[in-house]
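# Notes for the structure review
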Amino acid sequence: MKALRAFEAAARHANFTAAADELSITHSAVSQQIRLLEDYLGQPLFAREARGATLLPQARDYFAEVQSSLDRIASATAALKSPDQRSSLRVCTTPSLAMKWLIPRLAGFQLKAPHADIQLTTLGRQFFDHAEAGNDVLVRRMPMQRPDHTCVRCLDDHLVVVASPRFIERHHITDIADCLGHPLLQATGGLAHWPRWFELAGVRVPSQLPGPAFDHQFLCMQAAMNDLGLALAPWCLLEEDIRADRLRLVFPQPRLPASGVYALYRTEGPTAVLARQFADWLGTQHWTLESPS
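Summarised in this report is the structure supplied together with it. (Residues numbered from 1 in each chain as written. Predicted model: local features only at pLDDT ≥ 70, side-chain atom pairs only at ≥ 80, totals over all residues. Heavy atoms only, no water.)

### Focus on the packing of helix H1 (residues 2-13) against helix H3 (residues 27-41)
At their nearest, the axes of H1 and H3 sit 8 Å apart, and the two run at 110 degrees to each other. Judged on the interaxial angle alone, H3 and H1 are roughly perpendicular. On H3, the residues that touch Lys 2, Ala 3, Leu 4, Ala 6, Phe 7 and Ala 10 of H1 are Val 30, Gln 33, Ile 34 and Leu 37. Residue classes in the contact of H1 with H3 are distributed as eight nonpolar, one polar and one charged. (Axes fitted to C-alpha atoms, helices over the stretch in contact; angles between N-to-C directions. Helix = DSSP H or I, 4+ residues; strand = E, 2+ residues; numbered from the N terminus. Parallel < 35°, antiparallel > 145°, perpendicular 65-115°, else oblique. Contact = heavy atoms within 4.5 Å. Nonpolar A, V, L, I, M, F, W, Y, C, P; charged D, E, K, R; others polar.)

Here it is in structure tokens:
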């Protein structure tokens, strides 16, 4: 544990001296603990530099797991020492859902459960198969199945075409086929959405559509806000940006059906009741902005 604590602090600060100050030990003690850990793992963890220490690429995932595990130990210890006080709920979702849907609504849950502290983390889609470890609730735009968990559908959803007000005013797009003459922004993992949307509209498309791809949906939306093209985005992520006029609907129809938003939570254990309360609350978080018709 001493070696892991020294490693976590040094990686977080990117500096052995700062880690030593935080842990109230000497610089040489931090170096020794990290050397012990590197010897145990059989590989270096840091690139030592004159002004600090940088995690090597193979150590970055390890750091994230160690940091998360130490946080969980601290939370579990606090809960055991003070069982009648605040409760922690570990919620994991994708970066896009966290930024554009969940965080703007979290204050509402805090009003319903003022004793709860939400520990929110994000993972890319490709990592969700192993995300239940250490998390009480998973929120994702697709159904999930795990032993000893319950999955509930929180929200129906659909995809619509949006762009920045400047882009719309500059390009005078009046027909769906006109979209093919402009960059079609795409999120990795959803490259088939544009062909399906055009098919739903009755428009034939070439095999290669124009436009860049981004590894998160919120990056795709940010690109649209910055006049880079047209985005096909989930309605559930658009509310704040449309209300603030950062994005506008280009065409209200067709609407491409999407999978919706789901919450997976543990059905047994010390956080099961709070996790179910959180999932039930998510199910009440419908749009306040009128959906296109």
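### Topic: the sheet that holds strand S3 (residues 87-93)
Strand pairing in a sheet takes place through backbone hydrogen bonds and is either antiparallel or parallel in direction. A sheet is described by the order of its strands in space; here five strands give the open sequence S4-S3-S5-S12-S6, paired in mixed fashion. Looking at the sheet topology across the chains shown, the edges are occupied by strand S4 (116-122) and strand S6 (149-155). Taking the axes of each pair of neighbouring strands and ignoring which way they run, one obtains an average angle of 25 degrees across the sheet. Its contacts with the sheet place helix H5 (residues 95-102) against S3, S4, strand S5 (137-140), S6 and strand S12 (261-266), and it is angled at close to 115 degrees to S3. (Pairing = 2+ DSSP bridges.)

### Digging into the side chain of Ser 96
On the secondary structure map, Ser 96 appears in helix H5. At 2.9 Å, the side chain of Ser 96 forms a polar contact with the backbone nitrogen of Phe 218. In this structure, Ser 96 is in contact with Trp 101, His 216, Gln 217, Phe 218 and Leu 237, ignoring residues within four places of it in sequence. (Polar contact = N/O pair within 3.5 Å; in protein donor to acceptor, adjacent residues only side chain to side chain.)

### Section: the sheet that holds strand S11 (residues 248-257)
An order of S9-S8-S10-S7-S11 is seen for the five strands of this open sheet, with the pairing classed as mixed. A single partner strand is all that each edge strand has here, and the edge strands are strand S9 (213-214) and S11. Across the sheet, helix H8 (residues 193-201) touches strand S7 (158-163), strand S8 (184-187), strand S10 (230-234) and S11, and the angle it forms with S11 is around 90 degrees.

### Considering the pattern of salt bridges
Enumeration over the complete set of coordinates arrives at twelve salt bridges. We note a salt bridge from Lys 100 to Asp 241, for which the minimum N-O separation is 2.8 Å. Taken together, the positions of Lys 100 in helix H5 and Asp 241 in helix H10 (residues 239-243) put the pair 141 residues apart, joining distant regions of the chain. For Asp 241, a relative accessible area of 1% corresponds to the buried category. The shortest N-O distance in the salt bridge between Asp 227 and Arg 166 comes to 2.9 Å. Here Arg 166 lies in helix H7 (residues 165-171) and Asp 227 lies in the loop between helix H9 (217-225) and S10, a separation of 61 residues in the sequence. Taken together, the shared-partner salt bridges in this structure form one network comprising Glu 8, Arg 12 and Glu 22. (Salt bridge = Lys/Arg side-chain N within 4 Å of Asp/Glu carboxyl O. Buried < 20%, exposed > 50% of the residue type's maximum accessible area, 1.4 Å probe, protein only.)

### Focus: the nonpolar core
Counting residues in hydrophobic clusters, the biggest one holds 40 residues, and the most contacted among them are Trp 101, Val 137, Val 139, Leu 238, Phe 278 and Leu 282. Setting aside chain neighbours within four positions, we find Trp 101 in contact with Ser 96, Val 139, Leu 155, Cys 236, Leu 237, Val 261, Leu 282 and Gln 285. With 21 residues, the next largest nonpolar core counts Ala 6, Ala 9, Phe 16 and Leu 70 among its residues. (Core = buried A, V, L, I, M, F, W, Y, C linked by side-chain atoms within 4.5 Å.)

### Things to note about unusual backbone geometry
Residue Gln 253 is joined to Pro 254 through a cis peptide bond whose omega torsion reads -5 degrees. A positive phi is found at Ala 14, a non-glycine position, where the angle reads about 55 degrees. Along the chain, Ala 14 falls in the loop between H1 and helix H2 (16-23). You can call Ala 14 partly exposed: its relative accessible area is 36%. Phi at His 172 is positive, roughly 50 degrees, even though this residue is not glycine.

### Section: the environment of Phe 251
Along the chain, Phe 251 falls in strand S11. Each C-alpha atom, one on Phe 251 and one on Trp 235, is 13 Å from the other, the two residues being 16 residues apart in sequence. In this structure Phe 251 touches Val 161, Ile 173, Thr 174, Asp 175, Ile 176, Cys 179 and Trp 197, once residues within four positions along its chain are discounted.

### Some words on the packing of aromatic side chains
Tallying each qualifying case throughout the model produces ten aromatic pairs. On the basis of an interplanar angle of 80 degrees and a centroid distance of 6.3 Å, the ring pair of Phe 7 and Phe 63 is categorised as edge-to-face. Taken as a pair, Phe 7 in helix H1 and Phe 63 in helix H4 (residues 57-81) lie far apart in primary sequence, 56 residues in all. Take Phe 7: its relative accessible area is 0%, and that puts it in the buried class. Judged by centre distance (5.1 Å) and plane angle (75 degrees), the rings of Trp 197 and Phe 198 are edge-to-face. Residue Trp 197 shares its accessibility class with Phe 198, and that shared class is buried. In this structure an aromatic cluster arises from ring pairing among Phe 7, Phe 16, Phe 46, Tyr 62 and Phe 63. (Phe/Tyr/Trp six-rings, centres within 6.5 Å; stacked < 30°, edge-to-face > 60°.)

All we've got here are geometric facts, nothing functional implied.
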